[in-house]
Amino acid sequence: RRPLARSPWVLGGVALALLNIGPLLRDFAQQDRLEGRGNLSLDVAAAGPTVEAIKKALAGSARIDLKDGAIKGINIAQVLRKAKSRLSGEQSEAASQTEKTDFSEFSASFAIKNGVAHNEDLEVKSPLVRITGRGARTLEVRAPKNADIALPGYYMLFALDRAGTPSVAKWV
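Summarised in this report is the structure supplied together with it. Along every chain, residues carry numbers that run from 1 in the direction the sequence is written. Only residues with pLDDT of at least 70 get local features here, since the model is predicted, and only at 80 or more are side-chain atom pairs given and counted; chain-wide, interface and lining totals rely on the full set of residues. Hydrogens are left out, water is left out, and the side-chain values use all remaining heavy atoms of the structure.

### Some thoughts on the overall build of the chain
For step 1, the next point in the chain: Going along the chain from the N terminus, every DSSP run of H or I of four or more residues is numbered as a helix, and every run of E of two or more is numbered as a strand. From N to C terminus, the chain includes three helices and ten strands.
For step 2, the next point in the chain: Overall, the chain shows an N-to-C arrangement of helices and strands of β-α-β-α-β-α-β-β-β-β-β-β-β.
For step 3, the next point in the chain: Accessible area is worked out with a 1.4 Å probe on protein chains only. A residue is then buried under 20% of its type maximum, exposed over 50%, and partly exposed in between. Within the span of the chain, comprising 172 residues, buried residues form 26% of the whole.
For step 4, the next point in the chain: Whether two residues touch is decided by their heavy atoms; if any such pair falls within 4.5 Å, the residues are in contact. Restricting the contact set of the chain to residue pairs at least 6 apart, pairs at least 24 apart contribute 57%.
For step 5, the next point in the chain: Each accessible area is a Shrake-Rupley result for a 1.4 Å probe, and residues are judged covered by the shown protein chains and nothing else. Here the chain displays about 11700 Å² of accessible surface, and carbon together with sulfur accounts for 56% of that area.

### Concerning the environment of Phe106
For step 1, the next point in the chain: Examined against the element boundaries, Phe106 turns out to sit in strand β4 (residues 100-113).
For step 2, the next point in the chain: For Phe106 and Lys125, which are 19 residues apart along the polypeptide, the C-alpha to C-alpha distance reads 6.5 Å.
For step 3, the next point in the chain: Setting aside residues up to four positions removed in sequence, Phe106 forms contacts with Leu34, Ile64, Asp65, Leu66, Ile71, Leu122, Glu123 and Val124.

### A word on the pattern of salt bridges
For step 1, the next point in the chain: Only one rule defines a salt bridge in this text: a Lys or Arg side-chain nitrogen within 4 Å of an Asp or Glu carboxyl oxygen. One pass over the structure, following the stated rule, counts eight salt bridges.
For step 2, the next point in the chain: Residues Glu35 and Lys100 are paired through a salt bridge, measuring 3.2 Å at the closest nitrogen-oxygen approach. With Glu35 in strand β2 (residues 34-47) and Lys100 in strand β4, this pair connects stretches of sequence that are 65 residues apart.
For step 3, the next point in the chain: A residue is classified by how much of its surface remains accessible, and Lys100, at 32% relative accessible area, is partly exposed.
For step 4, the next point in the chain: Between Asp65 and Arg63 there is a salt bridge, with its nearest N and O atoms 3.0 Å apart.
For step 5, the next point in the chain: One network of salt bridges, with partners in common, ties together Arg26, Asp32, Glu35, Lys72 and Lys100.

### Focus: the nonpolar core
For step 1, the next point in the chain: Remark: nonpolar core denotes a set of buried residues (Ala, Val, Leu, Ile, Met, Phe, Trp, Tyr, Cys) joined through side-chain atoms within 4.5 Å. Counting residues in each nonpolar core, the largest one holds 15 residues, and the members touching the most others are Ile21, Leu34, Ile64, Leu66, Phe103 and Phe106.
For step 2, the next point in the chain: When residues of this core are assigned to their parent elements, the largest contribution, three residues, is made by β4.
For step 3, the next point in the chain: Leaving out residues up to four positions away in the same chain, Phe103 has contacts with Leu34, Glu35, Leu66, Lys67, Asp68, Gly69, Ala70, Ile71, Val124, Lys125 and Ser126.

### Examining the side chain of Ser126
For step 1, the next point in the chain: Among the secondary structure elements, Ser126 is positioned in the loop between β6 (122-125) and β7 (130-134).
For step 2, the next point in the chain: Apart from the residues within four sequence positions on either side, Ser126 is in contact with Asp102, Phe103 and Ser104.

### Notes on the pairing of strand β5 (residues 116-119)
For step 1, the next point in the chain: Between any two strands, pairing holds if DSSP finds at least two bridges. With four bridges joining them, β4 and β5 adopt antiparallel strand pairing. Its bridge partner being in β5, Ala111 is matched across the sheet by His118.

### Looking at a nonpolar patch on the surface
For step 1, the next point in the chain: Side chains of Val14, Leu16 and Leu42 sit close together on the surface and give an oily, nonpolar patch of about 190 Å² of accessible area.
For step 2, the next point in the chain: For Val14, the position within the fold is in strand β1 (residues 9-20). Like charges are joined within 9 Å and nonpolar side chains (Val, Leu, Ile, Met, Phe, Trp, Tyr) within 5 Å, but only among residues with over 30% relative accessible area and no salt bridge; these make up the patches.

### Comments concerning the environment of Arg63
For step 1, the next point in the chain: As for its position among the elements, Arg63 is in strand β3 (residues 59-72).
For step 2, the next point in the chain: Setting aside residues up to four positions removed in sequence, Arg63 forms contacts with Asn39, Leu40, Ser41, Ser107, Ala108, Ser109 and Asp121.
For step 3, the next point in the chain: At 3.5 Å, the side chain of Arg63 and the side chain of Asp121 are in polar contact. The term polar contact refers here to a pair of N or O atoms within 3.5 Å; inside protein, the definition further demands a hydrogen-donor-capable atom paired with an acceptor-capable atom, and it admits residues adjacent in sequence only when both atoms are side-chain atoms.

### Remarks on unusual backbone geometry
For step 1, the next point in the chain: One non-glycine residue with positive phi stands out, namely Leu18, at about 55°.
For step 2, the next point in the chain: Within the secondary structure, Leu18 is located in strand β1.
For step 3, the next point in the chain: You will see that Asn114, though not glycine, has its phi angle at about 50°, which is positive.
For step 4, the next point in the chain: Its relative accessible area of 53% is what places Asn114 among the exposed residues.

Right, here's the structure in full:
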């Protein structure tokens, strides 16, 4: 028999209500992609001899429900307006460096296995677009039938892989 390894353990069951997600993500994940207020719950466990091994062994679940926030780095409504302008041959305004997609509601739950979070119920609601997603590769963006509702401007569209690495961006 092998002796039990004495690896550090991470166990957590935490629920945070009415939190401001932006500072939390900046402090703990060095990410500045999301803002809003709401609830976050985590129920995770992991063990390993190093921080990297603990990250790779992380398992459990998480849920986030936010209100009145934004996804930073892309303005989806603006991307849709730009696409319409390009298709009709019109010129559009230059994009802002501080683009974001405002939302009224953002919710998602995650199953975490081997350090990878998997989602089946992402839902983002904003006045102009609805976004749903699941897994690592499925994302649906729905916009109003009348594209004149969206604000004019340039949009840079890209996707993130499971590691958070962006694809080559396209201006639309």
